[in-house]
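Summary of the model geometry
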Amino acid sequence: MKGARLEPVQRRGTPRIRLQVPIFLRGTDASGADFVELTKTLNISATGACIASARVLRRDQIVNLTVPTPSPASSGIVPNETPPIAAKVLRQDLVGDMRLFGLEFLRPLE
């Protein structure tokens, strides 16, 4: 069909949800310093997330995300944070003084 436009190819295998979740971001920044930063997701899916960070990270770098939980003083059966989620940095966008990172989880969330 002449003039017909094809739909763009969807690169994501799972839908994203716009959801701000507080997270601890752990890793090593571009200068080699280990860090822990309290930040948030901007959107999330079973296979990755977009997060905000003031840190400088490298493409293909592995970072760990954990979700803070109530302190043990408020509940003896809940840990301080969730088990770590390992993720690879795929991309970076600069918005003002904040960096937005596209991350791919090494294992999809269940």
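Refer to the structure presented above.
Residues numbered from 1 in each chain as written. Predicted model: local features only at pLDDT ≥ 70, side-chain atom pairs only at ≥ 80, totals over all residues. Heavy atoms only, no water.

1. Let's talk about the layout of surface pockets
Of the pockets and cavities examined, the second largest pocket occupies roughly 170 Å³. Lining the second largest pocket are P84, I85, A86, F105, L106, R107, P108, L109 and E110. Taken together, the residues of the lining of the second largest pocket break down into seven nonpolar, no polar and two charged. (1 Å grid on protein atoms, 1.4 Å probe; cavity = no way out; pocket = protein on both sides within 12 Å on 5 of 7 lines; lining within 4 Å. Points joined across faces, edges and corners; volume = space filled by probe spheres on them. Nonpolar A, V, L, I, M, F, W, Y, C, P; charged D, E, K, R; others polar.)

2. Structural notes on the environment of K88
By secondary structure assignment, the location of K88 is in strand β5 (residues 85-95). Owing to a relative accessible area of 25%, K88 belongs among the partly exposed residues under this scheme. Between the alpha carbons of K88 and V63 there is a distance of 6.4 Å; along the sequence they are 25 residues apart. Once you skip the residues sitting within four places of it in the chain, K88 turns out to touch D60, Q61, I62, G102, L103, E104 and L106. (Helix = DSSP H or I, 4+ residues; strand = E, 2+ residues; numbered from the N terminus. Buried < 20%, exposed > 50% of the residue type's maximum accessible area, 1.4 Å probe, protein only. Contact = heavy atoms within 4.5 Å.)

3. Quick look at the nonpolar core
One finds L25, I51, L57, V63 and L103 to be the most contacted residues of the largest nonpolar core, which totals 15 residues. The set of elements that each furnish at least two residues to this core consists of β1 (22-28), β2 (34-44), β3 (48-53), β4 (62-66), β5 and β6 (98-105). It is β6 that contributes the most residues to this core, three residues altogether. (Core = buried A, V, L, I, M, F, W, Y, C linked by side-chain atoms within 4.5 Å.)

4. Structural notes on unusual backbone geometry
Unusually for a residue other than glycine, D60 sits at a positive phi of about 75°. Along the polypeptide, D60 turns up in the loop between β3 and β4.

5. Some details on the pairing of β3
Extensive coverage of β3 is indicated by the burial of six of its six residues. In β3, alternate side chains face the same way, and those of G48, C50 and A52 on one face and A49, I51 and S53 on the other are all buried. Relative to β3, β2 runs antiparallel, the two sharing four bridges. Following the sheet pairing, T41 is matched in β3 by I51. From the end of β2 to the start of β3, which pair antiparallel, there are three residues. In the sheet, β3 pairs with β6 via six bridges, with the strands oriented antiparallel. (Pairing = 2+ DSSP bridges.)

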